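Structural characterization, general
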Amino acid sequence: MALREILVVPHPVLKTISAPVAAVDDDLRALMDDMLETMYAAPGIGLAAVQVGVAKRVIVMDLARPEEPKAPRFYINPEILWASDETAPYEEGCLSVPEIYDEVERPSRVKLRYLNYQGEQVEEDAEGLFAVCIQHEMDHLEGVLFIDHLSRLKREQAVKKVRKQAKAA
Ligand code: ZN
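Attention in this report is confined to the structure presented alongside it. (Residues numbered from 1 in each chain as written. Predicted model: local features only at pLDDT ≥ 70, side-chain atom pairs only at ≥ 80, totals over all residues. Heavy atoms only, no water.)

1. Thoughts on the pairing of strand E7 (residues 121–127)
How we decide: For two strands to count as paired, DSSP must find a minimum of two bridges between them. The helix and strand labels rest on DSSP assignments: H or I over at least four residues marks a helix, E over at least two residues marks a strand, and numbering proceeds from the N terminus.
The pairing of strand E6 (residues 109–115) with E7 spans 7 bridges and is classified as antiparallel. Bridge pairing links Val110 to Ala126 in E7. Where E6 hands over to E7, the hairpin turn is made up of 5 residues, of which Gly119 adopts a positive phi near 90 degrees.

2. Observations concerning the packing of aromatic side chains
Here is the rule: Each Phe, Tyr or Trp ring, with Trp reduced to its six-membered ring, pairs with another whose centre is within 6.5 Å; inter-plane angles below 30 degrees give stacked pairs, above 60 give edge-to-face pairs, and intermediate values give tilted ones. Counting as a charge over the ring demands two things of the Lys NZ or Arg CZ atom: a distance within 6 Å of the ring centre and an angle within 35 degrees of the ring normal.
Throughout the structure, instances matching the rule amount to 3 aromatic pairs. For the pair Tyr75 and Phe130, a centre-to-centre distance of 6.1 Å together with 35 degrees between the ring planes defines the contact as tilted. Pair noted here: Tyr75 is in strand E3 (residues 73–83) and Phe130 is in helix H2 (residues 128–141), with a separation of 55 residues, a long-range link. In this structure an aromatic cluster arises from ring pairing among Tyr75, Tyr114 and Phe130. Stacked on the ring of Tyr40, the Lys or Arg Lys70 has its end atom at 4.7 Å from the ring centre.

3. Observations regarding the side chain of Arg57
Worth spelling out the cut-off: Under this definition, polar contacts are N or O atom pairs within 3.5 Å; protein pairs additionally need one hydrogen-donor-capable and one acceptor-capable atom, and for neighbouring residues in sequence, both atoms have to be side-chain atoms. Here a residue-residue contact requires only that any non-hydrogen atoms of the pair lie within 4.5 Å.
Within the secondary structure layout, Arg57 lies in the loop between strand E1 (46–48) and strand E2 (58–61). Of the polar contacts made by the side chain of Arg57, one reaches the side chain of Glu142; its length is 2.3 Å. With sequence-adjacent residues up to four places away left out, Arg57 is seen in contact with Ile17, Ser18, Ala19, Pro20, Val21, Tyr75, Ile76, Asn77, Pro78, Leu141 and Glu142.

4. Quick notes on the nonpolar core
Nonpolar side chains in soluble globular proteins generally cluster together in the buried interior. The condition is simple: Residues grouped as a nonpolar core are buried Ala, Val, Leu, Ile, Met, Phe, Trp, Tyr and Cys residues, joined through side-chain atoms within 4.5 Å. A 1.4 Å probe rolled over the protein chains alone gives each residue an accessible area, and that area as a share of the maximum for its type sets the label: buried under 20%, exposed over 50%, partly exposed in between.
Judged by nonpolar contacts, the single largest core of 17 residues is most densely connected at Leu28, Met32, Met35, Leu47, Val58 and Val60. Mapped onto this core, the elements with two or more residues apiece are helix H1 (26–41), E2 and E3. Of the residues forming this core, the biggest block, 6 residues, is contributed by H1. Those residues in contact with Met32 that lie beyond four places of it in its chain are Val58, Val60, Phe74, Ile76 and Tyr117. Counting 16 residues, the second-largest nonpolar core is a separate cluster that includes Ala48, Val50, Leu112 and Ala131.

5. Some words on the sheet that holds E3
The test is simple: Simply put, an axis is a line fit to the C-alpha atoms, just over the touching stretch for a helix, and the angle between two N-to-C directions goes from 0 to 180 degrees.
Strand order across the open sheet formed by 5 strands is E1-E2-E3-E6-E7, with antiparallel pairing between neighbours. The sheet is open, and its two edges are formed by E1 and E7, each paired on a single side. Here the strands of the sheet are splayed against their neighbours by 40 degrees on average, with no regard to which way each runs. When E2 meets E3, the two strands line up antiparallel, connected through 4 bridges.

6. A look at H1
Where we set the bar: The length a helix should cover is 1.5 Å for every residue beyond the first.
Here H1 spans 22 Å end to end across 16 residues, near enough to the 22 Å set by a 1.5 Å rise per residue. By the burial criterion, the buried members of H1 are Leu28, Arg29, Leu31, Met32, Asp34, Met35, Leu36, Thr38 and Met39. Against E1, E2 and E3 lie the buried residues of H1.

7. Some points on helix H3 (residues 152–168)
Condition: The directions considered for the arc are those from the helix axis to the C-beta atoms.
Relative to the 24 Å expected for 17 residues at 1.5 Å per residue, H3 spans 24 Å between its end C-alpha atoms, a close match to the ideal helical length. Burial in H3 covers these residues: Ala158, Val159 and Val162. The buried side chains of H3 occupy one side of the element, clustering within an arc of 95 degrees when seen end-on. Counted as exposed and oriented over 90 degrees from the buried face of H3: Leu153, Lys160, Arg163, Lys164, Lys167 and Ala168.

8. Some points on the state of the cysteines
The criterion, for reference: Two cysteine sulfur atoms make up a disulfide if the distance between them is within 2.5 Å.
This structure, assessed with the given rule, holds 0 disulfides. A disulfide-free cysteine, Cys133 has its sulfur positioned 9.9 Å from the sulfur of Cys94, the nearest such atom. Looking at Cys133, the relative accessible area reads 5%, which means it is buried.

9. A look at the pattern of salt bridges
To be explicit about the condition: For salt bridges, the criterion is a side-chain nitrogen of Lys or Arg within 4 Å of an Asp or Glu carboxyl oxygen.
For the structure on display, the rule yields 13 salt bridges. Glu92 is paired through a salt bridge with Arg106; the nearest N and O atoms lie 2.7 Å apart. Placement of the pair is Glu92 in strand E4 (residues 87–92) and Arg106 in strand E5 (residues 102–107), with a sequence separation of 14 residues. A salt bridge links Arg152 to Glu156; its shortest N-O distance comes to 3.0 Å. Note that Arg152 and Glu156 are positioned in helix H3 at a spacing of 4 residues, about one turn of the helix. You can call Arg152 exposed: its relative accessible area is 60%. Residues joined in a network through salt bridges with shared partners are Lys15, Asp148 and Arg155.

Next up, the structure:
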């Protein structure tokens with residue numbers, strides 16, 4: 001396993017639409033292992049492959065609390081089969097937009113279909129933080145960041161702030 005570099009805004013690759021995965025094989029599992037290690041090191045609770053510069057429809061996630069055992073989750077070619085009309089706000093952040101947090105409103109429940117680490121098809125219902133996180137990560141697969149859900153002014157301020165941090169680092 002190896003740590004990968006996490007791209008931050010305004011890196012153009014983050015705007016890429018990720019391609020479907022053709023086969024869940026050892027190469028893909030190696031990528032997912034690297035992504036997981038990179039996410040834990042950041043630390044974060046979700047990471048899409050495009051955030052480490054690989055435009056494939058792959059997401060890793062771990063929603064366990066710090067005191068709980070690690071519970072890695074892997075989502076390959078995820079699709080939303082259903083979303084609730086009911087929405088809920090949540091203060092989101094993103095490893096590609098460091099130090100910026102803002103409220104985004106999304107459907108509070110969704111039904112998902114995806115391939116897991118073994119390449120098996122799974123259907124699963126998501127609510128709460130899980131629903132927020134999977135929708136945030138699936139946005140990445142379309143080249144959409146959570147700041148794209150904010151006003152243009154807030155989005156521009158966020159990118160400016162991240163640029164400033166990068167210069168100071
Ligand atoms: Zn993100």
